[in-house]
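# Per-entry structural report
In case you want the letters, here they are:
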Amino acid sequence: MNINVLWEMGGAQRILHGVLERTRGMVAGVTCGAGMPYKLSEITASYGVSYLPIVSSGRAFRALWKRAYSKASEWLAAVVYEDPWLAGGHNGLSNAEDPLVPQDPYPRVRDLRATMREGGISDDVPIVMAGGVWYLRDWSDWIDNPELGKIAFQFGTRPLLTKESPIPEGWKNALMTLEEGDILLHRFSPTGFYSSAVRNPFLRSLEARSERQIAYSTEHAGDHVFQLDVGVKGKNFWVTRNDLLRAREWFGLGFTSALKTPDNTLVFVSEEEKSVIRKDQADCMGCLSQCQFSSWADTETNSTGRLADPRSFCIQKTLQDIAHGGPVEENLMFAGHGAYNFKRDPFYSNGFVPTVKQLVDRILTGD
């Protein structure tokens, strides 16, 4: 059995120790991403368990290898390359990469293999290509390619639509309606990472919320010489003339509360939105090691030291809701960027939902 651990989860190291202690002889490997899990190799090796780090570049793997993984090289079972522009869920884009300019995964995986070879890692340790994999025939030039070494492919989105998949029927039905471009790479996640999910009304509302945003100054200075007279209490909010007019327009449309963000801006929301935001922040369960939405941090102070960000959302709440039958329009709905193929692939015509065996058999044909 292989398990997957989100490194940015609150108490991740303590939980991983507990799981591996209680499942001795059952767990063969631990896949782990979302952050830089330097301690992963040390923890898994202490239980005689392999580790499979998830990275989005050769540069990230080099840092992990030099700092920690080289000390437990014999337990490295594979390296998962999760493409930041193709994979669903959270994506490991660096500040040097443009989210709007996708890069070809081939040279990035080739560079990852070169980095692994520099560290003396055998080509028999596979790189797992994750993100954008639908038809194996599209990747034929990757297989048995000496530049890449041993390659495996991860299917994350296609298994969602199977008989055995535990996701609710509403989620499955929605997958079969998607068009190309319906998956949004966004930065609303409280983790601080980019994330890819279906651009449904839930995400569109977050986009709209951020668009109702203006910068402010606490002093009468520069272009900020107009006192904001809507959405706030007090007299220490100075804005530009154009932003004052925009704020008054939003207020007239029913977005009557202005909430501060950590970036010295204000977002305008309705009273109903404000109530939901404040309640969700108050109900924070500490599921992440640090949360931008609630300012929770898994530290001695239990705080990030930054203002809670109303442009984000409670990820635990929405993932729990959609997983247990909540409306797909009102929740975060993860999917890879190739999910539009459910509507185009003839395998799924007439609403056909395969068993896992039928899906695997289909994949092995190249389709």
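For every chain, the first residue of the written sequence is number 1, and numbering continues from 1 along that sequence. With the structure being a predicted model, the display of local features is reserved for residues of pLDDT at least 70 and the display and counting of side-chain atom pairs for 80 or more, all residues being used for whole-chain, interface and lining totals. Excluding hydrogens and water, the side-chain values take into account all heavy atoms of the structure.

## Regarding the sheet that holds strand E5 (residues 89–91)
- Only strands that DSSP links by at least two bridges are regarded as paired with each other. In DSSP terms, a helix is any run of H or I states spanning at least four residues, a strand is any run of E spanning at least two, and both are numbered starting from the N terminus. What the three strands build is an open sheet, ordered E5-E9-E8; its pairing is antiparallel. If you trace the sheet from one side to the other, it starts and ends with E5 and strand E8 (183–186), each paired once. For this sheet, the mean angle separating the axes of adjacent strands, direction not counted, is 25°.
- Pairing between E8 and strand E9 (residues 194–198): four bridges, direction antiparallel. Among the inter-strand pairings, Leu-184 is bridged to a residue of E9, identified as Ala-197. Only the contacting stretch of a helix is used when fitting its axis, a line to C-alpha atoms as for every element, and angles between N-to-C directions run 0 to 180 degrees.

## A word on the pattern of salt bridges
- A pairing counts as a salt bridge when a side-chain nitrogen of Lys or Arg comes within 4 Å of a carboxyl oxygen of Asp or Glu. On inspection of all chains with the given rule, the structure shows 24 salt bridges.
- Residue Arg-110 pairs with Asp-111 through a salt bridge whose shortest N-O separation is 3.8 Å.
- Burial classification: accessible surface area is computed with a 1.4 Å probe over protein chains only, and a residue below 20% of its type maximum counts as buried, one above 50% as exposed, and the rest as partly exposed. Residue classification places Asp-111 among the partly exposed residues on the basis of a relative accessible area of 42%.
- Connected via shared salt-bridge partners are Asp-263, Arg-306, Asp-309 and Arg-311.

## So, the environment of Lys-317
- The residue Lys-317 is located in helix H9 (residues 315–323) in this model.
- Among residues more than four places away in sequence, those in contact with Lys-317 are Val-276 and Asp-280.
- Among the polar contacts listed, one links the side chain of Lys-317 to the side chain of Asp-280, at a separation of 3.0 Å. We call two residues in contact whenever any of their non-hydrogen atoms come within 4.5 Å of each other. Under this definition, polar contacts are N or O atom pairs within 3.5 Å; protein pairs additionally need one hydrogen-donor-capable and one acceptor-capable atom, and for neighbouring residues in sequence, both atoms have to be side-chain atoms.

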